[in-house]
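Residues per chain, in single letters:
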Amino acid sequence: MFTLIRPLSAVFLAVFALIAAQAYAPIYDSEADLGRFPLYAAAVSFLIGWRFLGRQIGKALWLSVFAAWQAVVLAAVATAMFLAVGEVFRRGYRRQYGEVIEAITGYFGIVVDWLSRGLVQEFLILLAAGGTIIGVVLHILWVMLEARRHDR
């Protein structure tokens, strides 16, 4: 049954992605212009929050927190993959890749580069703490929404 937990989880994860993307920008490169990276991260996180995290909330508190951690990691990987596609197409258009296999290995190289630069301990602590807070808050909201639904 559809409840408000799906849109709430999508919004919470998208807002957290905006905050985390702004914290990630100086880690990536202080002079780099990441452009619309925070908006792309928020959009991908919104979809993951709606489709993945919203379904997992409410079974148990520890499971809600674990699902929120998974959603944060999935959002980071999916955002890196999404942004890598654009970079591979730009490099392919400029003919920096001679063969198809170079483009494929280049894609994975770009994804690994996006993810490896985020392996700073303070940033990982931010992601873990954000996932924990999102999981606990969403579980509490789910309990309140279910209590209200059962009272009707």
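Residues numbered from 1 in each chain as written. Predicted model: local features only at pLDDT ≥ 70, side-chain atom pairs only at ≥ 80, totals over all residues. Heavy atoms only, no water.

Chemist: Just to check I follow, could you spell out the overall build of the chain for this structure?
Modeler: Within the chain, the regular secondary structure consists of 5 helices and 0 strands. Secondary structure elements of the chain occur, N-terminal to C-terminal, as α-α-α-α-α. Once the C-alpha set of the chain is aligned to its principal axes, its extents read approximately 65 × 30 × 25 Å. When the 152 residues of the chain are sorted by exposure, 36% land in the buried category. Considering only intrachain contacts with a sequence separation of at least 6, the fraction spanning at least 24 residues in the chain is 77%. Total accessible area computed for the chain in this model is approximately 9,400 Å², and 67% of it derives from carbon and sulfur atoms. (Helix = DSSP H or I, 4+ residues; strand = E, 2+ residues; numbered from the N terminus. Buried < 20%, exposed > 50% of the residue type's maximum accessible area, 1.4 Å probe, protein only. Contact = heavy atoms within 4.5 Å. Areas by Shrake-Rupley, 256 points an atom, 1.4 Å probe, with all protein chains shown as cover.)

Chemist: Is there a simple way to think about the nonpolar core in this case?
Modeler: It is characteristic of soluble globular proteins that their nonpolar side chains tend to be buried jointly. One finds F37, L53, W114 and I134 to be the most contacted residues of the largest nonpolar core, which totals 34 residues. Where this core is concerned, the elements lending two or more residues are α1 (5-28), α2 (37-56), α3 (61-93), α4 (100-116) and α5 (121-151). At 9 residues, α3 tops the list of elements feeding residues into this core. If we skip the residues at most four places from it in the chain, F37 touches A21, Y24, T79, L83 and W114. (Core = buried A, V, L, I, M, F, W, Y, C linked by side-chain atoms within 4.5 Å.)

Chemist: For this particular structure, what's the right way to read the pattern of salt bridges?
Modeler: Two side chains that carry opposite charge are able to pair once their charged atoms sit near each other. Taken as a whole, this structure holds 3 salt bridges when the rule is applied. For D113, the salt bridge goes to R117, with nearest N and O atoms at 3.0 Å. Judged by relative accessible area, which is 32%, R117 ranks as partly exposed. Ionic contacts of the salt-bridge type, sharing partners, join the residues E87, R90 and R91 into one network. (Salt bridge = Lys/Arg side-chain N within 4 Å of Asp/Glu carboxyl O.)

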